[in-house]
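Observations on the model geometry
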Amino acid sequence: MHLKDNTFLITGAASGLGAAAADRIVAAGGRVVLCDLNDSVAAHAESLGAAAKACRGDVTSAGDMQAAVDATVALGGEKGMAGVVHCAGVVSVAKLIDREGNPADLDAYARTVQINLVGTFNVMRLAAAAMACNAPGEDGERGVIINTASVAAFDGQVGQCAYSASKAGVVGMSLPAARELSRHGIRVMAIAPGVFQTPMMSEIPDEAAKALAASVPFPKRLGKPNEFARLVEQIIGNSMLNGEVIRLDGGIRMQ
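The rules behind these values
- Residues numbered from 1 in each chain as written.
- Predicted model: local features only at pLDDT ≥ 70, side-chain atom pairs only at ≥ 80, totals over all residues.
- Heavy atoms only, no water.
- Helix = DSSP H or I, 4+ residues; strand = E, 2+ residues; numbered from the N terminus.
- Expected span 1.5 Å × (residues − 1).
- Contact = heavy atoms within 4.5 Å.
- Core = buried A, V, L, I, M, F, W, Y, C linked by side-chain atoms within 4.5 Å.
- Buried < 20%, exposed > 50% of the residue type's maximum accessible area, 1.4 Å probe, protein only.
- Pairing = 2+ DSSP bridges.
- Right-handed = clockwise from strand over helix to strand, strands pointing away.
- Salt bridge = Lys/Arg side-chain N within 4 Å of Asp/Glu carboxyl O.
- Axes fitted to C-alpha atoms, helices over the stretch in contact; angles between N-to-C directions.
- Parallel < 35°, antiparallel > 145°, perpendicular 65-115°, else oblique.
- Left-handed = near helix turned anticlockwise from the far one by under 90°.
- Nonpolar A, V, L, I, M, F, W, Y, C, P; charged D, E, K, R; others polar.

1. A word on helix H7 (residues 225-237)
- Over its 13 residues, H7 runs 19 Å from end to end, which matches the ideal 18 Å to within 8%, given 1.5 Å per residue.
- Along its buried surface, H7 packs onto strand E1 (7-11), helix H1 (16-27), strand E4 (83-86), strand E5 (143-148), strand E6 (186-193) and strand E7 (245-248).

Dropping the structure here:
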């Protein structure tokens, strides 16, 4: 599959990894629908020109995501929707027992799983239903789904029970989804980023961010969103990439 003349839905597209993926697809001649809860998504879509449209949406909402998928299909015209790059998610940190001995908040745990895991499933199911209607291309391919996991799915740190569990769920869905959707010519992949320069990183102290960057074996820095976008491009273009999770982390293994 090529980026040029194909249309993709990007969630979490207002900034960070999603915005970088949208930029790269448009630069390569593709079209994108940018979906995010942040109102700044409209400005980013406008900056990309006629090849981009914006829609405000919650990934946990069936109605919002159906509207986003419908907008992508419409923008794609006869070719419909070629793929989805799902980047929307939240980071949460909470110990099972705090310093005073109080148990973690159950609602906060459920919110993280709802957004990161249930939201991923919601986007996948609706995108797959739309792409299954596409005319088959080379190798019978009709579409591609790229989800965003995290190295926390494998190397969860203290306080990451909710986040690690939600991202491990994304990893766990990749292979069964790829197997199921193979009959429709739809591939399913996941990227597990390490520590990247995204708005999420701004939520932690500078010293902690510097320590994380120093812990990357090579290169000793935070990842750049464009490096994530380059991998997205490679996955879209290489039809043999299917049912797999790719760590994009500079070799880091979280302590």
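2. What about the nonpolar core?
- Of all hydrophobic cores here, the largest spans 30 residues; its most connected members are Phe8, Val32, Leu34 and Ile236.
- Of all the elements in the fold, those that place two or more residues in this core are E1, H1, strand E2 (31-36), helix H2 (41-47), E5, E6 and H7.
- If we skip the residues at most four places from it in the chain, Ile236 touches Met1, Leu3, Phe8, Ile25, Val144, Ile146 and Arg187.

3. So, the pairing of E5
- Among the 6 residues that make up E5, 6 are buried, leaving the element largely enclosed by the rest of the structure.
- By the alternation rule, side chains of E5 split into Gly143, Ile145 and Asn147 and Val144, Ile146 and Thr148, which are all buried.
- Where E4 lies against E5, 4 bridges are found, and the strand directions are parallel. Its bridge partner being in E5, Val84 is matched across the sheet by Ile145.
- Strand direction decides the pairing type here: E5 and E6, joined by 6 bridges, are parallel. Bridge pairing in E6 places Ile146 opposite Met189.
- Crossover E5 to E6 through helix H5 (residues 161-181) is right-handed.

4. Considering the pattern of salt bridges
- Counted by the stated rule, this structure contains 7 salt bridges.
- For Asp39, the salt bridge is made with Arg56, and the minimal N-O distance between the two is 2.8 Å. Here Asp39 is found in the loop between E2 and H2, whereas its partner Arg56 is found in strand E3 (residues 52-56), with 17 residues between them in sequence. For the pair shown, Asp39 and Arg56 are each scored as exposed.
- Here Arg247 makes a salt bridge to Asp155, at a shortest N to O gap of 2.8 Å. Of this pair, Arg247 sits in strand E7 while Asp155 sits in the loop between E5 and H5, and the two are 92 residues apart along the sequence.
- Exposure remark for Asp155: the relative accessible area of 15% places this residue in the buried category.

5. Observations concerning the packing of H1 against H7
- Contact pair H1 / H7: the axes reach a minimum separation of 8 Å and the direction vectors enclose 55°. Classified by the angle between their axes, H1 and H7 sit oblique to one another. Considering the relative orientation of H1 and H7, their crossing is right-handed. Contacts between H1 and H7 involve Gly16, Leu17, Ala20, Ala21, Arg24 and Ile25 from the first element and Pro225, Asn226, Phe228, Ala229, Arg230, Glu233 and Ile236 from the second.
- Looking at the contact of H1 with H7 residue by residue, the classes come out as 8 nonpolar, 2 polar and 3 charged.

6. Thoughts on the pairing of E2
- Burial runs high along E2: 5 of the 6 residues are buried.
- As paired strands, E1 and E2 are joined by 5 bridges and run parallel to one another. Residue pairing in the sheet places Phe8 in a bridge with Val32 of E2.
- Since E1 and E2 lie parallel, the crossover through H1 that links them has a hand, and here it is right-handed.
- Relative to E3, E2 runs parallel, the two being bridged by 5 bridges. Paired with Leu34 across the strands is Ala54, a residue of E3.
- Between E2 and its parallel partner E3, the chain crosses via H2, and the hand of that crossover is right-handed.

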